[in-house]
Every structure is written in C-alpha cells, then in structure tokens.
Amino acid sequence: MNTLLDAWSWLTTSAHWHGQDGIGARLVQHLYLTAVCLLVSCLIALPVALLLGHLGKGGALAVNLSNIGRAVPTFAVLVLLLLTPVGRWGEGPTIVALVLFAVPPLLTNAYVGMREVDQDVVRAARGMGMTGRQLLLQVEMPLALPLILTGVRIAAVQLVATATIAALAGGGGLGRIITAGFNLASTAQVVAGAVLVAVFALVVEGIFEAAQRLAPSRLGLRAGETG
Amino acid sequence: MTAPPDDCLARNEWVCGAYLSSRRHILWDAVLQHVQLTAVAVLIGLVLALPLALAARRWHWAAGPVLGVTTILYTIPSLAMFSLLLPVYGLSASLVVAGLVLYSLTLLVRNVLAGLRAVPEETRQAARGMGYGPVRLLLAVELPLALPAAMAGLRIATVSAVSLVTIGAIVGYGGLGNLIYSGMNTYFKAQVLTASVLCVVIAVAADLLLLLLQRLLTPWTRSRS
C-alpha cells in the first residue's frame, strides 16, 4: 500500500510534470509516437487488406503474417534496427519496429471483415450492375467497418502499450519514466510511470469503444431507412 | 604489438560463427532460461484459467467480471506490468513469470470458455442419458470437445509469452532478452541477431509442438477433415 501512496505523491509533485523529462513532455512524445505509427500502419495495412478481401485472395498470407508478427519480439526488432544505419534517424527505429508490430492485427481484422460480408448482398449488388470499385467502397467496406475498427482499436491499444519499449533503447515516451525509475532504484517512480501508461492505454481503449458503439448504431439506422 | 585478430567478432559482423562457438554456453543458458520462464508461466496460466473459465460458464454473473478483469490485465503494457508487480516480487524471475501469467490468462480463459460453450447441448444430454455424472461429463466429454479451441488459445498465449520474456531483461531475467539488451549497449551485432533469431525459433518450435500435441489429443478431428 505504501508503494502506491509513494507513487501517488510522485505523480502529484508538480516538479515531475514540467521540463524536458517531465510527465507532460513524455506524454506528448508518447502520443506522437502512437499516432504516427497508427497512421502509417493503417495506410500500409488497410488498402492491402481491403483489396485482398475484395479479390478474395491472400487469406493465408494475412493469417500467417499475423502469426509471425506475434512470434517476433518487438524489442528485438527495435534493437536490430538500432544497430543498422536506420539507427541514426532519431525515432526512426522505434517507428519502424512499432509499425511492423501494428500491421498484422490491422491486416487480419480488415481482411476477415471483408470476407465475412454476406455474399448474397455482394451478389445482389453485382446484379444491380455495380462496378468492382462501387462494390468495394459502397457495399463491402461499410459492412466490414465494425471488424476493421476492431483491428484499429487493437492496434492502437497495443501501440500505446508497446511504445514504452522504445525507452529500453533510449527512445522517448512514457516508458522513459519507468526506465529512469529503474535506474534510480525508485519504485515509486517506476509504479507511477506504469500507472500512467496503463491509464493511457485504457483511455484509448475507452475512446475506441465509444466510437464503435456510436458507429454501428448509425449504420444500422441507415440500413433500416433504406431497407 | 600484435595485430588484432581478423575475424568476424573483431569486425562486429551480424552473422558470426566464431560467436556461436565461443559463446555456446551463454547462449544455451539464455535459451534454457527463456524456455523455462515461458513454460512455467503458461502452465500456471493454464491451471488458473481452467477454474476461471468453468466458473464463468457455471455462474452467469461470474462471466462478466472474469472476462472484464482479464481483458483489462491484457491492456497493461508489458514494461508497465513488470514495474507494477515490482513492489510485490522485487527483481526476480517470479516477477517475469507473474507478469506473463497475467497476460496468458486473457487468451486462455477466453478460448477455454468459448470451447466449453460450443459443446452442443444434445451431446451433453446424450452423455447425461448414458448416466454420466457432472464430473465425468466434464472430464470425458466437455473438456475433450473444448480442446481444439483451448489449444488455439494456448498456442497464441505461448507464442506471445516467448516474445514477451525478452522485456524481462529490464529486471535481469529476460532469457535471450538479456543478450539483446547487453548487445544493444555494447553495439554487439552478432549477439543481438543471434538472440533475436533464437527467440523466433523457440516461438515457432513451441507452436509446432503444441500443434502436434493437439493432433495427438484429438484424433477424431483428423478423420473428419
């Protein structure tokens, strides 16, 4: 219990919030890292997954990629990149490692979402003379949206959590508070850092949960109006 | 003055046979620690997950809290998880194991529960009609039928645990992660690459072993497909 109280007092000390190593700066770095990585991963994974799902090909590829992604430790990828010329690009290694980590869940979920669209609906749309492009954008994608969003949510939460690993390799973000605490042998600071990251992850989870809850109901309403 | 030896270690190359032969023992110890940490964590996770999944199925009110809590545990970042458990376990191997157990719980509870729920009601009734009591029904009918789903969860949990062990390096119990961590600080390329590749090899080997085990335990699924 004492540790938690110590962590609380560490968190509530205003000096720890300001400055270059303060919580504020680390939070901004963490948010920036997560947002950039999520954006890049979505830009890479979603077009590929949507196209493969539309064509109905490459299912094995999507699933296998996801399994391989789980087996490769992000920390190992980060350190490997750090020791290559990429290591000189500042946050480059962290971003590349995190993107590689976030692509598999995005790819798998979006692909599965596209494949699970009711094939009768697809055939009906095709029978109405829709082109492949219309079919993809107006029928398959909206229907696959819940699963695509689930993938984005999983990726976002895991990115927030995994971005802490950057600190092990000297990168920025909230993980730095934890590693600095380890180096100072300050359990209070370590626990405070951990709580910050966990709360951040849960907040992101909550935001996506709320967004998802709003999205399908609106989609359902629209479907009700037209059907 | 003698010239420095002109080998791949001196040139700090990524792939280096001299590293493999001269550090054989260090590598072997790291692999052993890595496998031990993973195996102990996943086994404890399995032992805890079974009663939790059974409770969640037996009592309707228990399902929400069990699934909710394990899901929240899963969203806690690994580095944060190890640090949150630090006051309880200190800098020890138990700390890493405890963290990994909490992670594996989510995947295991969910999959075991899904497997149990997928057992057809007719099958249950047939077994009851044949005079099976609740314990025998569970052990001889329900658990075997839930096995494929449970094994799927076990495989994912194991593969994830293998890669998460590396983060244990922050408290000095990371198996191959220790070598990656120290290799990073000394810019030792051969060590980082070798340890990373070994991590993936362990993960793939564990996955294949579990797949084999699943096929041995569920011979009936083979004849069907």
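- For chain B, the name recorded in an unreviewed UniProt entry is ABC transporter permease, with Streptomyces castrisilvae as its organism.
- The annotation that UniProt attaches to chain B under Sequence similarities (unreviewed entry) is "Belongs to the binding-protein-dependent transport system permease family."

- An unreviewed UniProt entry annotates chain A as ABC transporter permease subunit of Streptomyces castrisilvae.
- As stated in UniProt under Sequence similarities (unreviewed entry), the record for chain A gives "Belongs to the binding-protein-dependent transport system permease family."

Examining the overall build of chain B
Right, on to step 1. Helix and strand content of chain B: ten helices and zero strands.
Right, on to step 2. What you see in chain B, going N to C, is helices and strands ordered as α-α-α-α-α-α-α-α-α-α.
Right, on to step 3. For 225 residues, the compact-globule estimate of 2.2 N^0.38 gives 17 Å, and chain B exceeds it by more than 25% at 22 Å.
Right, on to step 4. Here the C-alpha coordinates of chain B stretch approximately 90 × 45 × 20 Å along the principal axes.
Right, on to step 5. Across chain B, the fraction of contacts at a sequence separation of at least 24, relative to all contacts at a separation of at least 6, is 72%.
Right, on to step 6. Total accessible area on chain B is roughly 11,200 Å²; 69% of this is exposed by carbon and sulfur atoms.
Right, on to step 7. Charged side chains in chain B number 15 positive and 8 negative. The centres of these two groups are separated by 11 Å.

A word on the packing of aromatic side chains
All names here are of chain B.
Right, on to step 1. Within the structure shown, the criterion is met by four aromatic pairs over all chains.
Right, on to step 2. Taking the centre distance of 5.2 Å and the plane angle of 75 degrees together, the rings of Tyr 19 and Phe 188 count as edge-to-face. With Tyr 19 in helix α1 (residues 17-22) and Phe 188 in the loop between α8 (176-186) and α9 (189-217), this pair connects stretches of sequence that are 169 residues apart. Pair check on accessibility: Tyr 19 and Phe 188 agree, each one buried.
Right, on to step 3. Pairing Trp 59 with Trp 61 gives two aromatic rings, centres 6.4 Å apart and planes at 25 degrees, and the pair type is stacked.
Right, on to step 4. When the ring centre of Tyr 132 is taken as origin, the NZ or CZ atom of Arg 136, which lies over that ring, is 4.0 Å away.

Some details on the interface of chain B and chain A
Right, on to step 1. Counting residues at the interface gives 36 residues for chain B and 32 residues for chain A.
Right, on to step 2. Taking both partners together, chain B and chain A bury about 2,800 Å²; carbon and sulfur atoms supply 83% of that area.
Right, on to step 3. Run the count over chain B and chain A and you get one residue pair in polar contact (both at pLDDT 80 or more).
Right, on to step 4. Within the residue set of the side of chain B that touches chain A, elements represented by two or more residues are α3 (60-75), α4 (78-89), α7 (134-165), α8 and α9 of chain B.

Details of the UniProt feature "transmembrane region" (unreviewed entry) in chain A
All names here are of chain A.
Right, on to step 1. UniProt records the feature "transmembrane region" (unreviewed entry) for residues 31-53, 65-83, 95-114, 135-168 and 188-208 in the present numbering.
Right, on to step 2. Along residues 65-83 one finds 84% helix and 0% strand; the C-alpha atoms at either end are 24 Å apart.
Right, on to step 3. Here residues 135-168 is 82% helix and 0% strand, with 46 Å between the C-alpha atoms at its ends.

Brief notes about α8 of chain B
Residues and elements named next belong to chain B.
Right, on to step 1. All buried positions along α8 are accounted for by Leu 176, Gly 177, Leu 179, Ile 180, Gly 183 and Met 184. With its buried residues spanning 155 degrees around the axis, α8 presents them on a single face. Exposed and facing more than 90 degrees away from the buried side of α8 are Asn 185 and Thr 186.
Right, on to step 2. Positioned one or two residues after α8, Tyr 187 has a phi angle of 60 degrees, which is positive.

Some thoughts on the pattern of salt bridges
Residues and elements named next belong to chain A.
Right, on to step 1. Counted by the stated rule, this structure contains eleven salt bridges over all chains.
Right, on to step 2. Note that Glu 205 and Arg 153 form a salt bridge whose closest N and O atoms lie 3.7 Å from each other. With Glu 205 in helix α9 (residues 187-226) and Arg 153 in helix α7 (residues 132-162), this pair connects stretches of sequence that are 52 residues apart. Each of the two residues, Glu 205 as well as Arg 153, counts as buried.
Right, on to step 3. The residue Glu 209 makes a salt bridge to Arg 213 at a minimum N-O spacing of 3.3 Å. You can see Glu 209 and its partner Arg 213 sitting in helix α9, four residues apart, about one turn around the helix.

Topic: the UniProt feature "domain: ABC transmembrane type-1" (unreviewed entry) in chain A
Right, on to step 1. Under the feature "domain: ABC transmembrane type-1" (unreviewed entry), the UniProt entry names residues 27-208 of chain A.
Right, on to step 2. Between the C-alpha atoms that bound residues 27-208 of chain A the distance is 19 Å, and the span itself is 80% helix and 0% strand.

Cut-offs used in this document
Residues numbered from 1 in each chain as written. Chains lettered and ligands numbered in written order. Predicted model: local features only at pLDDT ≥ 70, side-chain atom pairs only at ≥ 80, totals over all residues. Heavy atoms only, no water. UniProt positions renumbered as here; feature names shortened; annotations may be inferred. Helix = DSSP H or I, 4+ residues; strand = E, 2+ residues; numbered from the N terminus. Rg over C-alpha atoms; globule rule 2.2 N^0.38 Å. Contact = heavy atoms within 4.5 Å. Areas by Shrake-Rupley, 256 points an atom, 1.4 Å probe, with all protein chains shown as cover. Lys, Arg positive; Asp, Glu negative; His and termini not counted. Charge placed at Lys NZ, Arg CZ, Asp CG, Glu CD. Phe/Tyr/Trp six-rings, centres within 6.5 Å; stacked < 30°, edge-to-face > 60°. Buried < 20%, exposed > 50% of the residue type's maximum accessible area, 1.4 Å probe, protein only. Lys NZ or Arg CZ within 6 Å of the ring centre and 35° of its normal. Buried area = accessible area lost by both parts, 1.4 Å probe. Polar contact = N/O pair within 3.5 Å; in protein donor to acceptor, adjacent residues only side chain to side chain. Arc of directions from axis to C-beta. Salt bridge = Lys/Arg side-chain N within 4 Å of Asp/Glu carboxyl O.

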